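An overview of the molecular structure
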Amino acid sequence: MKTLYLSGYHSSTTLAKEQHISSHISKIKKIRKQDISAEQLLQGIFEGDKAHLAKAITLLESSKPEHFQKANILIEQCLSKKNNSIRIGITGVPGVGKSSFIEVFGSTLTQLGEKVAVLAVDPTSTLSKGSILGDKTRMQMLAKDPNAFIRPSPSGDSLGGVARKTRESIILCEAAGYNVILVETVGVGQSETMVHSMVDFFLLLKLSGAGDELQGIKRGIMEMADAIAINKADGGNIEKAKLAEVEFSRALHLYPPKENGWSPKVLRCSALEQTGIVEIWQMIEGFVDQVKTNGYFDDNRKNQNKNWFLQTVDELLKLHFHQKKAFEKIQAEMLKAVEQQKISPFYAAKKLLESLTGELK
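Conventions used here
Here the residue index of a chain counts from 1 through its sequence in written order. A pLDDT threshold of at least 70 governs which residues receive local features in this predicted model, and a stricter bar of 80 or more applies before side-chain atom pairs are shown or counted, although totals over entire chains, interfaces and linings include all residues. Hydrogens are left out, water is left out, and the side-chain values use all remaining heavy atoms of the structure. Runs of H or I in DSSP of at least four residues are treated as helices and runs of E of at least two as strands, each being numbered from the N terminus. Exposure classes here rest on a 1.4 Å probe applied to the protein chains alone. A residue is buried below 20% of its type maximum, exposed above 50%, and partly exposed in between. The Shrake-Rupley method, run with a 1.4 Å probe, gives the accessible areas here. Residue values count only the displayed protein chains as cover. Pairing between strands requires that DSSP locate at least two bridges from one strand to the other. Here a crossover is taken to be right-handed if, once the strands point away from the viewer, the path from the first strand over the helix to the second is traced clockwise. The pairing test for Phe, Tyr and Trp rings, Trp by its six-membered ring, is centres within 6.5 Å, and the orientation test on the planes gives stacked under 30 degrees, edge-to-face over 60, and tilted for anything in between. As a reminder, the over-ring test applies to NZ of lysine and CZ of arginine, requiring each to be within 6 Å of the ring centre and within 35 degrees of the ring normal. Here the nonpolar core consists of buried residues drawn from Ala, Val, Leu, Ile, Met, Phe, Trp, Tyr and Cys, with membership extended through side-chain atoms lying within 4.5 Å. Residues are treated as being in contact if the distance between any of their heavy atoms lies within 4.5 Å. Patches here: salt-bridge-free residues with over 30% relative accessible area, like charges joined within 9 Å, nonpolar side chains (Val, Leu, Ile, Met, Phe, Trp, Tyr) joined within 5 Å. Should a side-chain nitrogen of Lys or Arg be within 4 Å of a carboxyl oxygen of Asp or Glu, the pair is scored as a salt bridge. Simply put, an axis is a line fit to the C-alpha atoms, just over the touching stretch for a helix, and the angle between two N-to-C directions goes from 0 to 180 degrees. By definition in this entry, angles of less than 35 degrees are roughly parallel, angles greater than 145 are roughly antiparallel, angles of 65 to 115 are roughly perpendicular, and the rest are oblique. Crossing handedness: left-handed means the near helix sits turned counterclockwise from the far one by under a right angle, and right-handed means the same turn made clockwise. Note on residue classes: Ala, Val, Leu, Ile, Met, Phe, Trp, Tyr, Cys and Pro are nonpolar, Asp, Glu, Lys and Arg are charged, and everything else, Gly too, is polar.

**Points about the overall build of the protein chain**
Of regular secondary structure, the protein chain possesses 15 helices and 7 strands. For the protein chain, buried positions account for 48% of its 361 residues. Of the roughly 18,900 Å² of accessible surface on the protein chain, a fraction of 54% belongs to carbon and sulfur atoms.

**A closer look at the pairing of strand β7 (residues 265–268)**
As paired strands, strand β6 (residues 227–231) and β7 are joined by 4 bridges and run parallel to one another. Paired with A229 across the strands is L267, a residue of β7. Note that the unit made of β6, helix α11 (residues 238–252) and β7 has a crossover that is right-handed.

**Things to note about the packing of aromatic side chains**
One pass over the structure, following the stated rule, counts 5 aromatic pairs. On the basis of an interplanar angle of 90° and a centroid distance of 5.2 Å, the ring pair of W262 and F287 is categorised as edge-to-face. With a gap of 25 residues between them, W262 in the loop between α11 and β7 and F287 in helix α12 (residues 277–293) connect regions that are remote in the sequence. Residue W262 shares its accessibility class with F287, and that shared class is buried. Every member of this aromatic cluster is reached through a ring pair, and the members are F101, F105 and W281. One Lys or Arg, K115, reaches over the ring of Y178 and ends 4.7 Å from the middle of that ring. In this structure, K292 packs its charged tip against the face of F297, placed 4.9 Å from the ring centre.

**Quick word on the nonpolar core**
L172 and C173 are the most contacted members of the largest nonpolar core, which totals 47 residues. Here the element with the most residues in this core is helix α4 (residues 50–61); it accounts for 6 residues. Ignoring any residue separated from it by four or fewer positions in sequence, one finds L172 in contact with I45, L53, A56, I57, L60, I75 and C78. Formed by 38 residues, the second largest nonpolar core is a distinct cluster that contains I150, C269, F287 and V288.

**Quick word on unusual backbone geometry**
Phi at K232 is positive, roughly 60°, even though this residue is not glycine. The topology assignment puts K232 in the loop between β6 and α11. The exposure class of K232 is partly exposed, given its relative accessible area of 36%. One non-glycine residue with positive phi stands out, namely Q341, at about 60°. Within the element layout of this structure, Q341 appears in the loop between α14 (327–339) and α15 (345–357).

**Some thoughts on a nonpolar patch on the surface**
There is a patch of nonpolar side chains on the surface, built from F309, L310, V313 and L317 and spanning about 380 Å² of accessible area. For L317, the location among the structural elements is in helix α13 (residues 296–322). For L317, a relative accessible area of 45% translates into the label partly exposed.

**Section: the environment of D299**
Within the secondary structure, D299 sits in helix α13. Taking the C-alpha atoms as reference points, D299 and N260, separated by 39 residues in sequence, lie 9.8 Å from one another.

**Concerning the pairing of β6**
The buried fraction of β6 amounts to 5 of the 5 residues, a majority that puts the element mostly inside the structure. The pairing of strand β5 (residues 201–207) with β6 spans 5 bridges and is parallel. Bridge pairing in β6 places L207 opposite N231.

**Quick word on the packing of helix α3 (residues 38–46) against α4**
For the pair α3 and α4, interaxial distance at closest approach is 8 Å and the crossing angle is 130°. Judged by the inter-axis angle, α3 sits oblique to α4. Every pair of crossing elements has a handedness; the one defined by α3 and α4 is left-handed. Together, Q40, L41, G44 and I45 of α3 and H52, L53, K55, A56 and L59 of α4 make up the contact between the two elements. Its residues assigned to classes, the contact of α3 with α4 shows 5 nonpolar, 3 polar and 1 charged.

See the structure below:
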């Protein structure tokens, strides 16, 4: 198999990429200050303009009521734009090398002629409410690639390891012509399985020799994984990676067969040495061929839309109540009563909702 060497590729196109990124940044700064109509944004998205795409995603992420209708127009129009895309969720514990893997993986795909969008989610501090949003800094080579788009977003208070508007952002990226969408989650946890409901392929990154080959396996994550990639399989870590590959392969056989008929694979790779990357992509292509042939691919996309609808209903109901004028006053009263143990939290929540809907008896 022919190996792609990214270092040589990068050095031969550095000047062009530097010019591209400089022009892109200048355009984003100019557009960011403008009040652009939905029609103008749509035209820019359909033309594959990164600045307009970035502006549109910012609009989606806005919590301002006046932006909701404009964002809805974008989604409705972009949904009708057909794109033969593959959505890939990538997760793993902090330190497993998600950003390094995604940069090399994404750069490999663009060399193969694919257009890649990376929706990277940074954790939001529960104290300061801030996010670093440093994925473009960590993926400098991919950020300069004309055929790649990186969008870091704060996770906010969203569970699932993905930003609140990740589904909508996927639709916009596909409408802009990106046919491989990589969704990076903040790290493996009990609440991070939501990403599985919005992607076609779920890749779990693991480390060898980290003590989690069996003891640390989380059943929910493992059951959903379509493949496990043991990263950092290089140098003195190669033998450990081979042992981990055997252990994880055995563990996967303990789970019941998947609905899609696919047998999860375990592969080794190294983002540092750029090995095993092409093999992972070829495996994903094989997966897509199989699930499209047996009809699971389309059925899964339909189920994703249903989940999207149900989640949006929950969000809008929450927003509806929070926007009521009496909400803060009644909530403060209920919080004080709960604090003084005059009422249970459950009954206090029930009284709050009944008060706001006029159903209090």
